[in-house]
Amino acid sequence: MDLSQQNIAKLREMVNGDQQQIVILSHTNPDGDALGSSLAWAESLRRAGHKVTCIVPNRFPYYLDWMTGVKDIVVFKGDREGVATAAVERADMIFCLDFHTLSRLDAPLSELIASNTKAKRVLIDHHLNPAESFDVMFSHPEASSTSYLVFRLIEALWGADSVTAEQAEVIYVGMMTDTGNFSFSSLTPDLYRTLSILSATGIDIPQIYNNVYNSFTEGRARLFGYVINRKMKLLNKGTVAHMSLTEEEMRRFWFQQGDSEGFVNYPLTIKKMRMSAIFIEHHDFIRVSLRSRGKVDVNLFAGRYFEGGGHKNAAGGKSFVSMEETIARFEQAVKEYTAEGLL
Ligand code: 5GP
Ligand code: MN
């Protein structure tokens, strides 16, 4: 992956001058990559002398609470709307990390961002088809995570030696979570070169793994068993799977935000499985998560049928009809996709 030298030069000019007020924004339902990339980037900008506020639209999962600096991230949909609003209003620069369209922020945060017309905007992201225009764009769908992209930018601007163990740790979290612990998507030689540099800072990699993947609640383990046993339905001769979770079912298993993370991947452990979906009921819509193997394109599927998008093998969207209708719509979409030879 090559970074545009022209863009690096523009970025260098933007961050190497006088103190700036900077906002770093990431997406709704922030994950390890959203937080890891934001925290590492914020730290380098602060060291360069800037005032930085990290903002996410809503709360992140409890198993990421341990990450260094995470307590300083302003969660917009909590009690921090005022702090976030003030930071956005005075910002000279806004960095958008790990998302490609302002619609991933939801109103009123997306409107608030749109209302600041003086700030320079920079995109650092690895999703397909960025929707808005930015002053500087680092859009790299071939990159396995935004955290890896942030590492490459820090390296280009300040050198790999400038990366501290705290930064290495949060970058590692982003790289690990977006690649399923280095099991899929763009595992390039340069990714392993990066891991070697991160590891040399002395970070405790097994501990990071445990913090993220072995820190769930009992309720999550029981909910997982229930979903796989009772709710997983197979279609197309066992090559497509779907599952669903209602609010009532989540309450039954003492659901906490983040508890359903990763469920959608599990059906893909079945031989010959090509696509997996989970539908999760929220207060006023149903969140759709999709995963696929090989050439099956769920980014296209999510865009066509569920007002969403993402990556070729991992995408998501929303449904505004009932659970029964959502499932019926999915099954119909699978039929269409199959008839077109896309599945
Ligand atoms: P997840 O299933 O983990 O929530 O999301 C998988 C991928 O799809 C992520 O890269 C995420 O950014 C993308 N994604 C999830 N939900 C949406 C959505 O509503 N709209 C768009 N455009 N992308 C989404
Ligand atoms: Mn990501």
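Quick summary incoming for the structure in this document. (Residues numbered from 1 in each chain as written. Chains lettered and ligands numbered in written order. Predicted model: local features only at pLDDT ≥ 70, side-chain atom pairs only at ≥ 80, totals over all residues. Heavy atoms only, no water.)

1. Brief notes about the overall build of the protein
Alright, step 1. If you tally the helices and strands in the protein, you get 12 helices and 12 strands.
Alright, step 2. Against the compact-globule benchmark of 20 Å for 343 residues, the protein has a radius of gyration of 20 Å, which places it among compact chains.
Alright, step 3. Along the longest, intermediate and shortest principal axes, the C-alpha atoms of the protein span 60 × 40 × 40 Å.
Alright, step 4. Burial status across the protein gives 51% buried among its 343 residues.
Alright, step 5. Residue pairs at least 24 apart in sequence account for 68% of intrachain contacts in the protein once pairs closer than 6 positions are excluded.
Alright, step 6. For the protein, the computed accessible surface area is about 15,200 Å², with 50% contributed by carbon and sulfur atoms. (Helix = DSSP H or I, 4+ residues; strand = E, 2+ residues; numbered from the N terminus. Rg over C-alpha atoms; globule rule 2.2 N^0.38 Å. Buried < 20%, exposed > 50% of the residue type's maximum accessible area, 1.4 Å probe, protein only. Contact = heavy atoms within 4.5 Å. Areas by Shrake-Rupley, 256 points an atom, 1.4 Å probe, with all protein chains shown as cover.)

2. Regarding the packing of aromatic side chains
Alright, step 1. Summed over the entire model, instances satisfying the criterion amount to 17 aromatic pairs.
Alright, step 2. Considering the side-chain rings of F279 and F306, the 6.5 Å spacing of their centres and the 45 degrees angle between planes classify their relative orientation as tilted. Of this pair, F279 sits in strand 9 (residues 275-281) while F306 sits in the loop between helix 11 (298-305) and strand 11 (309-310); the two residues are 27 residues apart in sequence, bridging distant segments of the chain.
Alright, step 3. The class for F279 is buried, based on a relative accessible area of 0%.
Alright, step 4. Note on F306: relative accessible area 1%, which makes it buried.
Alright, step 5. Taken together through their ring pairs, the aromatic side chains of F279, F301, Y305, F306, F330 and Y337 make up a single cluster. (Phe/Tyr/Trp six-rings, centres within 6.5 Å; stacked < 30°, edge-to-face > 60°.)

3. Examining the site of ligand 1
Alright, step 1. Around ligand 1 there are 14 residues in total, and R104, H127, S289, R291 and H311 lie nearest to it.
Alright, step 2. Here ligand 1, which alone exposes 490 Å², has 83% of that area covered by the protein.
Alright, step 3. The set of elements that each furnish at least two residues to the shell around ligand 1 consists of strand 10 (286-292), strand 11 and strand 12 (314-319).
Alright, step 4. Of the residues that constitute the shell around ligand 1, the class distribution is 2 nonpolar, 9 polar and 3 charged. (Near = heavy atom within 4 Å. Nonpolar A, V, L, I, M, F, W, Y, C, P; charged D, E, K, R; others polar.)

4. Notes on the sheet that holds strand 3 (residues 74-75)
Alright, step 1. Strand order across the open sheet formed by 6 strands is 3-2-1-4-5-6, with parallel pairing between neighbours. Here the strands that pair on one side only, and so sit at the sheet edges, are strand 3 and strand 6 (136-139).
Alright, step 2. Bridge analysis of strand 5 (residues 120-125) against strand 6 gives 4 bridges, and the strand direction is parallel. Its bridge partner being in strand 6, L123 is matched across the sheet by M137.
Alright, step 3. Packed onto the sheet, helix 3 (residues 81-90) meets strand 1 (21-25), strand 2 (51-56) and strand 3 and runs at close to 125 degrees relative to strand 2. (Pairing = 2+ DSSP bridges. Axes fitted to C-alpha atoms, helices over the stretch in contact; angles between N-to-C directions.)

5. Things to note about the packing of helix 1 (residues 5-15) against helix 5 (residues 146-158)
Alright, step 1. Put simply, helix 1 and helix 5 touch, their axes get as near as 10 Å, and they point 70 degrees apart. Considering their axes alone, helix 1 and helix 5 lie roughly perpendicular with respect to each other. Here I8, L11, R12 and V15 of helix 1 come into contact with helix 5, specifically with L153, A156, L157 and W158.
Alright, step 2. In the contact of helix 1 with helix 5, the residues fall into 7 nonpolar, no polar and 1 charged. (Parallel < 35°, antiparallel > 145°, perpendicular 65-115°, else oblique.)

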